[in-house]
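Remarks on the overall topology
Here is what each chain is made of, one letter per residue.
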Amino acid sequence: MSKYYLNYLDELESEAIYVLREVWAQFQNPVILFSGGKDSIVVTHLAKKAFYPAKIPFALLHIDTGHNFPETITFRDKIISDLGTQLIVGSVQESIDSGRVKEEKGKNATRNALQITTLLDAISTHNIDCAIGGGRRDEEKARAKERFFSHRDDFGQWDPKNQRPELWSLFNGKYFQGEHFRAFPISNWTEMDVWNYIKREGIQIPSLYFSHERDVVWRKNSWIPYSKFLVLQADEHIVKKQIRFRTLGDITITGGMESDADTLEKIVAEVAIMRNTERGNRSDDKRSETAMEDRKRQGYF
C-alpha cells in the first residue's frame, strides 16, 4: 500500500488552511488584514486555496497611513482586481483630520502607532469580529506570545497573560458584544518558510522585495528610503544604493538593506545566512525594547 508523505511546506499549508476554515466557521464577518507585504499576500493566497473553486469569502482590510510606498498601493489594487473581492480601506489621514488622532512631529515622526485607532474604528464601523493577520512567531518576541486565535477585549486591547488555551487544535472563538479576535494562520512559519512557499507557489510579490536602485538616507543603522515625508537632518545626505526590503510598512520607518538579490532564488539564499530578524530594519521597533508589545496591547496588528 503506497503512502503519501507531506513535506514541511505541505504541513504548514494544511495547518494554515485549517485555521482559515475555522475562522470562516466560527465568525460572522471576518476580514484579512492586507498590507501588501509578503505575509499578508501569502495568507491571501492560502485563503484562495482553502475555499477554491469559490472566491475568497473574506474582504481585505487595508489600513492606509497615507505614507505608503507607491509600489505597494499599485500591487494592492491589482490583487483586488484579480481576486474580485471587496477592499475596505481605513484612512489614517481621515483619523487625523477628524481629530481622532494627532500627527507626530519631529525627525522620527511616524504614523505607525496612529494606525491603531484607525484599525479599531474600521473594525467597529464594519462590525468585524475577526481580523486575519500575517503575523508570525519568529518575527518578534511579542509576536511569539500570540495564539492562532487571539482575543481582543471591548477596547481592542490584547492581554498576553490572559489568552485561551489551544489544546489539540481546538479554537475557542466565542466573544461578548464589542469584543473581537485576531487570527494568525501562519504563526508557525519562519521567514525562510514564507520565501520557499512563495517560490514554490509562484506567488507574485511587490518589486520592493527585489534588489533595485533607490534614493536612501542612512538612519538608525539602516537605509531609509527618501520620500517627501522624510525630514532630513543637517548631517544626513541622500545617496543611491542597490537595496531591497525584507519587510514592508510605512515608507518613513521601513529600512532597506544593501543587496544584489534580484530573484527569488537569490533572496532564499540570502535569507538562509541572515542572523538578524527581518524587523531589525524597522525604526518603529527601535523606539524601546517593548515597542511592539506596547502597540499590540493597545490594538496594533
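Residues numbered from 1 in each chain as written. Predicted model: local features only at pLDDT ≥ 70, side-chain atom pairs only at ≥ 80, totals over all residues. Heavy atoms only, no water.

**Quick look at the environment of Leu-119**
Going by this rule: In this description a helix means any DSSP run of H or I spanning at least four residues, a strand means any run of E spanning at least two, and both kinds are numbered starting from the N terminus.
Along the chain, Leu-119 falls in helix α5 (residues 115–125). Between the C-alpha atoms of Leu-119 and Asn-162, which are 43 residues apart in sequence, the distance is 22 Å.

**Looking at the nonpolar core**
Heads up, the condition is: Only buried residues count toward a nonpolar core, which is a set of Ala, Val, Leu, Ile, Met, Phe, Trp, Tyr and Cys residues joined through side-chain atoms within 4.5 Å. Only protein chains enter the accessibility calculation, which uses a 1.4 Å probe; a residue is then buried when its area is under 20% of its type maximum, exposed when over 50%, and partly exposed in between. Either an automatic procedure or a domain database provided the assignment from which the domain bounds are taken. We call two residues contacting when some pair of their heavy atoms lies within 4.5 Å.
Of all hydrophobic cores here, the largest spans 53 residues; its most connected members are Leu-46, Phe-58, Phe-149, Trp-189 and Trp-195. Contributing elements (two or more residues each) for this core: α1 (8–26), α2 (38–51), α3 (70–83), β4 (130–132), β6 (180–183), α6 (191–201) and α7 (264–272). Among the domains, domain 1 (8–193 + 289–298) and domain 2 (205–283) are the pair contributing at least three residues each to this core. Beyond its immediate sequence surroundings of up to four residues, Phe-149 is in contact with Val-19, Glu-22, Val-23, Gln-26, Phe-27, Glu-166, Phe-171, Asn-172, Gly-173, Phe-181, Arg-182 and Ala-183. The next biggest cluster of nonpolar side chains, apart from the first, holds 15 residues, and it includes Val-92, Ile-96, Leu-119 and Ile-128.

**Observations concerning α5**
Residues that lie three or four places apart on an α-helix share one face, since the helix turns once every 3.6 residues. Among the residues of α5, those classed as buried are Gln-115, Ile-116, Thr-118, Leu-119, Leu-120, Ala-122 and Ile-123. Note on α5: the residue one or two positions beyond its end, Asn-127, has a positive phi of about 55 degrees.

**Re the layout of surface pockets**
We apply this condition: A cavity here means a set of 1 Å grid points, computed over protein atoms only, where a 1.4 Å probe fits but cannot escape. A pocket is an open set with protein on both sides within 12 Å along at least 5 of 7 lines, and lining residues have an atom within 4 Å of a point. Grid points are joined across faces, edges and corners, and a volume is the space filled by probe spheres set on the points. Gly counts as polar in this scheme, as do all residues outside two lists: the nonpolar Ala, Val, Leu, Ile, Met, Phe, Trp, Tyr, Cys and Pro, and the charged Asp, Glu, Lys and Arg.
A volume near 360 Å³ is recorded for the largest pocket. Taken together, 19 residues make up the lining of the largest pocket; nearest its centre are Ile-123, Ser-124, Ile-128, Gly-178 and Glu-179. No other element matches the 5 residues that α5 contributes to the lining of the largest pocket. A per-class count over the lining of the largest pocket returns 6 nonpolar, 8 polar and 5 charged.

**Some points on α2**
Put simply, the rule is: Helix span, expected: 1.5 Å multiplied by one less than the number of residues in the helix.
Along its 14 residues, α2 runs 20 Å from first to last C-alpha, staying within 8% of the 20 Å computed at 1.5 Å per residue. Burial analysis of α2 places 12 of its 14 residues in the buried class, which makes it a mostly covered element. Taken residue by residue, α2 has Lys-38, Asp-39, Ser-40, Ile-41, Val-42, Val-43, Thr-44, His-45, Leu-46, Ala-47, Ala-50 and Phe-51 as its buried positions. Where α2 is buried, its residues meet α1, β1 (30–33), β2 (59–64), α3, β4 and α6.

**Some thoughts on the packing of aromatic side chains**
The cut-off we apply is this: Aromatic pairs are defined between Phe, Tyr and Trp rings, using the six-membered ring for Trp, whenever the two ring centres lie within 6.5 Å; interplanar angles under 30 degrees are classed as stacked, those over 60 as edge-to-face, and all others as tilted. Criterion for a charge above a ring: Arg CZ or Lys NZ at most 6 Å from the ring centre, at most 35 degrees from the ring normal.
Summed over the entire model, instances satisfying the criterion amount to 14 aromatic pairs. With centroids separated by 5.6 Å and ring planes inclined at 50 degrees, the aromatic side chains of Phe-27 and Phe-149 adopt a geometry described as tilted. Note that Phe-27 is positioned in the loop between α1 and β1 and Phe-149 in strand β5 (residues 149–152), a separation of 122 residues in sequence. What makes Phe-149 buried here is its relative accessible area of 4%. Both rings, one in Trp-189 and one in Tyr-197, keep their centres 5.1 Å apart while their planes meet at 80 degrees; by these two values the pair is edge-to-face. Relative accessible area serves as the criterion here: at 0%, Tyr-197 is assigned to the buried category. Aromatic ring contacts, followed pair by pair, group Tyr-18, Phe-27, Phe-148, Phe-149, Phe-171, Tyr-175 and Phe-181 into a single cluster. The positively charged end of Arg-137 is found above the aromatic ring belonging to Phe-148, 5.1 Å away from the centroid.

**Points about the pairing of β6**
As a reminder, the rule being used: Any two strands are treated as partners once DSSP identifies two or more bridges connecting them.
Covered by surrounding structure in β6 are His-180 and Arg-182 together with Phe-181 and Ala-183, the residues of both alternating faces. Across 3 bridges, the pairing between β4 and β6 is parallel. Across the sheet, the residue bridging to Cys-130 is Phe-181, located in β6.

**A short note on the domain arrangement of the protein chain**
The condition that has to hold: In short, buried area is how much 1.4 Å probe accessible area vanishes from two parts on joining, totalled over both. Salt bridge, as applied in this entry: a Lys or Arg side-chain nitrogen positioned within 4 Å of an Asp or Glu carboxyl oxygen. Side-chain atoms alone can form a polar contact between residues adjacent in sequence; in general such a contact is a pair of N or O atoms within 3.5 Å, and within protein one must be able to donate a hydrogen while the other accepts it.
Looking at the protein chain, the domain boundaries give domain 1 (8–193 + 289–298) and domain 2 (205–283). Every contact between the two is made by 28 residues of domain 1 and, on the other side, 29 residues of domain 2. Of the roughly 2,300 Å² buried where domain 1 meets domain 2, counting both sides, 57% is carbon and sulfur surface. Note that Arg-246 and Glu-191 form a salt bridge whose closest N and O atoms lie 2.6 Å from each other. Our count for the domain 1 to domain 2 interface comes out at 6 residue pairs in polar contact (both at pLDDT 80 or more).

**Description of the sheet that holds strand β7 (residues 212–219)**
With respect to topology, 4 strands assemble into an open sheet ordered β8-β7-β9-β10, the strand pairing being antiparallel. A single partner strand is all that each edge strand has here, and the edge strands are β8 (222–225) and β10 (257–258). Both β7 and strand β9 (residues 239–244) contribute to a ladder of 5 bridges, which runs antiparallel. Bridge assignment links Asp-215 to a residue of β9, and that residue is Lys-240.

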